[in-house]
Amino acid sequence: MNKAFVREPDDDGRAYCPRCRSLGQPVGPGPLDTHIQQASRPKMHDAAWFCGYPHCEVAYFNQI
């Protein structure tokens with residue numbers, strides 16, 4: 001099928017973990033300041049998502 005006729009999904013604000021594809025939970029700056037190393041913290045901005053899947057190697061992620 002030609003991609004010109006395929007509808008892209010609407011952005012509903014949800015984010016999925018880039019590793020395991022689990023639905024992420026939004027988190028603000030508090031948890032990020034606590035759990036992200038100081039050198040990496042600027043990459044996360046003020047909001048990100050948390051992957052709660054116990055066997056996933058990713059904890060916090062953003063869509064950048």
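Residues numbered from 1 in each chain as written. Predicted model: local features only at pLDDT ≥ 70, side-chain atom pairs only at ≥ 80, totals over all residues. Heavy atoms only, no water.

## Re the nonpolar core
Which entries qualify depends on this criterion: Only buried Ala, Val, Leu, Ile, Met, Phe, Trp, Tyr and Cys residues count toward a nonpolar core, and they belong to the same one when joined by side-chain atoms within 4.5 Å. Note on classification: 1.4 Å probe, protein chains only; a residue is buried when its accessible area is under 20% of the maximum for its type, exposed when over 50%, partly exposed between these limits. Here, two residues are considered to be in contact whenever any of their heavy atoms come within 4.5 Å of each other.
In this structure, Ala 15, Cys 17, Trp 49, Cys 51, Cys 56, Val 58 and Phe 61 together form the largest nonpolar core, which totals seven residues. For Cys 51, the residues in contact, after removing those within four places along its chain, are Cys 17, Cys 20, Ser 22, Cys 56, Val 58, Ala 59 and Phe 61. The next biggest cluster of nonpolar side chains, apart from the first, holds six residues, and it includes Val 27, Leu 32, Met 44 and Tyr 60.

## Here we look at the sheet that holds strand β2 (residues 48-50)
This is how the line gets drawn: DSSP bridges decide pairing: two strands pair if at least two such bridges lie between them. The helix and strand labels rest on DSSP assignments: H or I over at least four residues marks a helix, E over at least two residues marks a strand, and numbering proceeds from the N terminus.
Spatial ordering of the open sheet is given by β1-β2-β3, a layout of three strands whose pairing is antiparallel. Of all strands in the sheet, those bounded by a partner on one side alone are β1 (25-27) and β3 (60-61).

## Considering unusual backbone geometry
A positive phi angle is found at Arg 21, which is not glycine, with a value near 70°. Here Arg 21 shows up in the segment before β1. One non-glycine residue, His 45, adopts positive backbone phi at about 60°. Note on placement: His 45 falls in the loop between α1 (29-35) and β2.

## Some points on the environment of Ala 48
Checked against the element boundaries, Ala 48 lands in strand β2. With 14 residues separating them along the chain, Ala 48 and Asn 62 place their C-alpha atoms 4.9 Å apart. Non-local contacts of Ala 48, meaning those with residues more than four positions away in its chain, are made with Gln 25, Pro 26, Val 27, Leu 32, Phe 61 and Asn 62.

## Section: the packing of aromatic side chains
Let me state the cut-off plainly: Pairing of aromatic rings covers Phe, Tyr and the six-membered ring of Trp, with a centre-to-centre limit of 6.5 Å; geometry is then stacked below 30 degrees between planes, edge-to-face above 60, and tilted otherwise.
Counted under the stated rule, the structure contains two aromatic pairs. Both rings, one in Trp 49 and one in Phe 61, keep their centres 6.2 Å apart while their planes meet at 25°; by these two values the pair is stacked. Taken together, the residues Trp 49 in strand β2 and Phe 61 in strand β3 connect sequence positions twelve residues apart. When its relative accessible area of 4% is taken as the criterion, Phe 61 is described as buried. An angle of 50° between the planes, with centres 5.2 Å apart, marks the rings of Phe 50 and Tyr 60 as tilted. Taken together, the residues Phe 50 in strand β2 and Tyr 60 in strand β3 connect sequence positions ten residues apart.

Take it as geometry only, folks, not as evidence of what the structure does.
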